[in-house]
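A structural walkthrough
So you can see what is in the structure, the chains are spelled out below.
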Amino acid sequence: MVQDMIIKDRAEKAQDHADDCVIKVRGLHNQFGSLVVHHDLDLDVRRGEILGVVGGSGTGKSVLLQSIIGLHKPNAGKIEVAERDQALLSDEDKKAARREWGVLFQEGALFSSLTVAQNVQVPLREYFDLSPRLMNEIAAYKIAMVGLPAHAGPKYPSELSGGMKRRAGLARALALDPDLVFLDEPTAGLDPIGAAAFDQMILELRDTLGLTVFLITHDMDTLFTSCDRIAVLAERKVIITGTIEELLAFDHPWVREYFHGPRSRAAQKARHRAE
Ligand SMILES: Nc1ncnc2c1ncn2[C@@H]1O[C@H](COP(=O)(O)OP(=O)(O)OP(=O)(O)O)[C@@H](O)[C@H]1O
Ligand SMILES: [Mg+2]
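Residues numbered from 1 in each chain as written. Chains lettered and ligands numbered in written order. Predicted model: local features only at pLDDT ≥ 70, side-chain atom pairs only at ≥ 80, totals over all residues. Heavy atoms only, no water.

Things to note about the layout of surface pockets
The test is simple: Of the two site types, the cavity is a set of points on a 1 Å grid over the protein atoms alone where a 1.4 Å probe fits but cannot get out, and the pocket is an open set with protein on both sides within 12 Å along at least five of seven lines, each lined by residues with an atom within 4 Å of a point. Grid points are joined across faces, edges and corners, and a volume is the space filled by probe spheres set on the points. Helix and strand assignments follow DSSP, with helices taken as H or I runs no shorter than four residues and strands as E runs no shorter than two, numbered in order from the N terminus.
By volume, the largest pocket amounts to about 870 Å³. The wall of the largest pocket is formed by 33 residues, among which Ile69, Leu71, Arg98, Trp101 and Val103 lie closest to the centre. Secondary structure elements with two or more residues in the lining of the largest pocket: helix 2 (61-68), strand 4 (76-81), helix 3 (91-98), strand 6 (101-104), helix 4 (116-127) and helix 6 (162-173).

Examining the pairing of strand 10 (residues 237-242)
Inclusion rule: Two strands make a pair as long as DSSP finds a minimum of two bridges between them.
Bridge count between strand 9 (residues 229-234) and strand 10: five bridges; the pairing is antiparallel. Paired with leucine 233 across the strands is valine 238, a residue of strand 10.

Regarding the packing of helix 4 against helix 6
In plain terms, the rule: Angles here are taken between N-to-C directions and fall from 0 to 180 degrees, while the axes themselves are lines fitted to C-alpha atoms, restricted in helices to the stretch in contact. Any angle from 65 to 115 degrees is called roughly perpendicular, while one under 35 is roughly parallel, one over 145 is roughly antiparallel, and all others are oblique. The sense of a crossing depends on the near helix, which, turned anticlockwise from the far helix by less than a right angle, makes the crossing left-handed and, turned clockwise, makes it right-handed. Contact definition: two residues touch when any of their heavy atoms are within 4.5 Å.
The interhelical angle for the contact between helix 4 and helix 6, taken along N-to-C directions, is 30 degrees, at an axis separation of 8 Å. Relative to helix 6, the element helix 4 is oriented roughly parallel. The handedness of the crossing between helix 4 and helix 6 is right-handed. The residues of helix 6 that touch helix 4, namely those facing Val116, Asn119, Val120 and Pro123, are Ala168, Ala171 and Arg172.

A closer look at the site of ligand 1
Defined as follows: If even one non-hydrogen atom of a residue comes within 4 Å of a molecule or strand, that residue is called near it. Polar contacts here mean pairs of N or O atoms no more than 3.5 Å apart (in protein, one a potential hydrogen donor and the other a potential acceptor; neighbouring residues in sequence count only if both atoms are side-chain atoms). With residues, only the protein chains shown are counted as cover, and all accessible areas are computed by Shrake-Rupley using a 1.4 Å probe.
As a structural note, the neighbourhood of ligand 1 is formed by 14 residues, with Ser57, Gly58, Lys61, Val63 and Gln106 the closest of them. Residue glycine 58 places a main-chain N or O atom 2.8 Å away from an oxygen atom belonging to ligand 1. Within the side chain of histidine 218, a nitrogen or oxygen atom sits 3.2 Å from an oxygen atom of ligand 1. Protein chains bury 61% of the 630 Å² of accessible surface belonging to ligand 1 in isolation. Counting only elements with at least two residues in the shell around ligand 1, the list comes to strand 2 (35-46) and helix 2.

Concerning the packing of helix 4 against helix 5 (residues 132-145)
Contact geometry for helix 4 and helix 5: axes closest at 9 Å, N-to-C directions at 115 degrees. Comparing the axis directions of helix 4 and helix 5 gives the class roughly perpendicular. As for how helix 4 packs across helix 5, the hand of that crossing is right-handed. Residue-level contacts link Val116, Ala117, Val120, Gln121, Leu124 and Arg125 of helix 4 to Met135, Asn136, Ile138, Ala139, Lys142 and Ile143 of helix 5.

A short note on the sheet that holds strand 8 (residues 212-216)
Spatially, 6-7-8-3-9-10 is the arrangement adopted by the six strands of the open sheet, whose pairing is mixed. The open sheet has two edge strands, strand 6 and strand 10, and neither has a second partner. Adjacent strand axes in the sheet meet at a mean angle of 15 degrees, parallel and antiparallel pairs treated alike. Bridge count for strand 3 (residues 50-55) against strand 8 is four bridges, and the pairing is parallel. Across the sheet, the residue bridging to valine 53 is isoleucine 216, located in strand 8. Taken strand by strand, helix 6 contacts strand 6 and strand 7 (180-184), and its axis lies near 160 degrees from that of strand 6.

Notes on the coordination of the magnesium ion (ligand 2)
Note the following rule: Only nitrogen, oxygen and sulfur atoms within 2.8 Å of the metal, or 3.2 Å for Na, K and Ca, are treated as donors, and water is left out, so sites may look incomplete.
Each protein donor to the magnesium ion (ligand 2) is listed here as Ser62 (OG) and Gln106 (OE1); together their distances run 2.1 to 2.5 Å. Of this pair, serine 62 sits in helix 2 while glutamine 106 sits in the loop between strand 6 and helix 4, and the two are 44 residues apart along the sequence.

Observations regarding helix 4
As a reminder, the rule being used: Note on exposure labels: buried denotes an accessible area under 20% of the residue type's maximum, exposed denotes more than 50%, and partly exposed covers the range between, all computed with a 1.4 Å probe on protein chains only.
Among the residues of helix 4, those classed as buried are Val116, Ala117, Asn119, Val120, Gln121, Pro123, Leu124 and Tyr127. Against helix 3, helix 5 and helix 6 lie the buried residues of helix 4.

Looking at the environment of alanine 188
Here alanine 188 shows up in the loop between strand 7 and helix 7 (192-209). For alanine 188, a relative accessible area of 33% corresponds to the partly exposed category. In this structure, the C-alpha to C-alpha distance between alanine 188 and arginine 166, residues 22 residues apart in sequence, is 9.7 Å.

Quick notes on empty space enclosed by the protein
The criterion, for reference: Residues were grouped as follows: Ala, Val, Leu, Ile, Met, Phe, Trp, Tyr, Cys and Pro as nonpolar; Asp, Glu, Lys and Arg as charged; and all remaining residues, including Gly, as polar.
What the rule picks out here adds up to two cavities of 30 Å³ or more. What the second largest cavity holds in volume is close to 30 Å³. Lining the second largest cavity, in full, are Leu170, Val181, Leu183, Ile202, Leu205, Arg206, Leu211 and Val213. Looking at the lining of the second largest cavity, the elements with two or more residues in it are strand 7 and helix 7. Of the residues contributing to the lining of the second largest cavity, the split by class is seven nonpolar, no polar and one charged.

Next up, the structure:
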């Protein structure tokens, strides 16, 4: 019942923002040698939404993320972030644009020789010349924001659990108060309770900070609890973007297997609702 209301509320909210896209990808083509990863891929990410991105391993989810944030230069296509064509930006504009988004990479990628607080300060150093006291205050604030205890600040990544590392990575991604956050499999490898807590935190941060979130995941629970819409990568493009209800009704072999297969919690929920 509550789940139904949440889904309805999400669908209505999604409709409200249907025309307000923070990210617009059109005709994206990516190829490595003879391997075509993306062909004629279109994607819209609406302002304020949490968009889940799913697809089999190797379908190009991470390459899509890297293309949007400018780490990978596409072979063809147009990518607009906040109405700016990424291919037309000067280096200076690119640096300014990077300030507006935060990224949590697939492997977390904290600098192992720096403490958590120092990791969070890396983006601050790149953009600002702040006093050590202010840097420490900002780092402490971001560390608290992602639910880490204050004593995590002076710890090195090797001293943290997997879940704490993800939170520290997110604190670093949030260092510059971005509007847009990219997360590449943030709950992979976490136990279900740690993953659920991380999902909840993403929802709360989106609601309090007004973030737009591009969230690559394999985690069915994350899709169900956190995502307003879901984009499915298959056959070198986005074959559908829609609410979980729309995906459950979508007739495509991979989507059917993924959402109705034996491990699908969504399928269980759907069956439960139908009863
Ligand atoms: N720099 C690169 N050079 C050559 N091939 C690459 C490069 N980066 C990615 N690929 C290839 O592109 C394809 C898509 O890779 P990508 O990392 O985007 O997959 P993914 O959907 O994120 O998979 P996973 O779910 O396993 O993380 C893969 O076949 C990969 O081997
Ligand atoms: Mg990946």
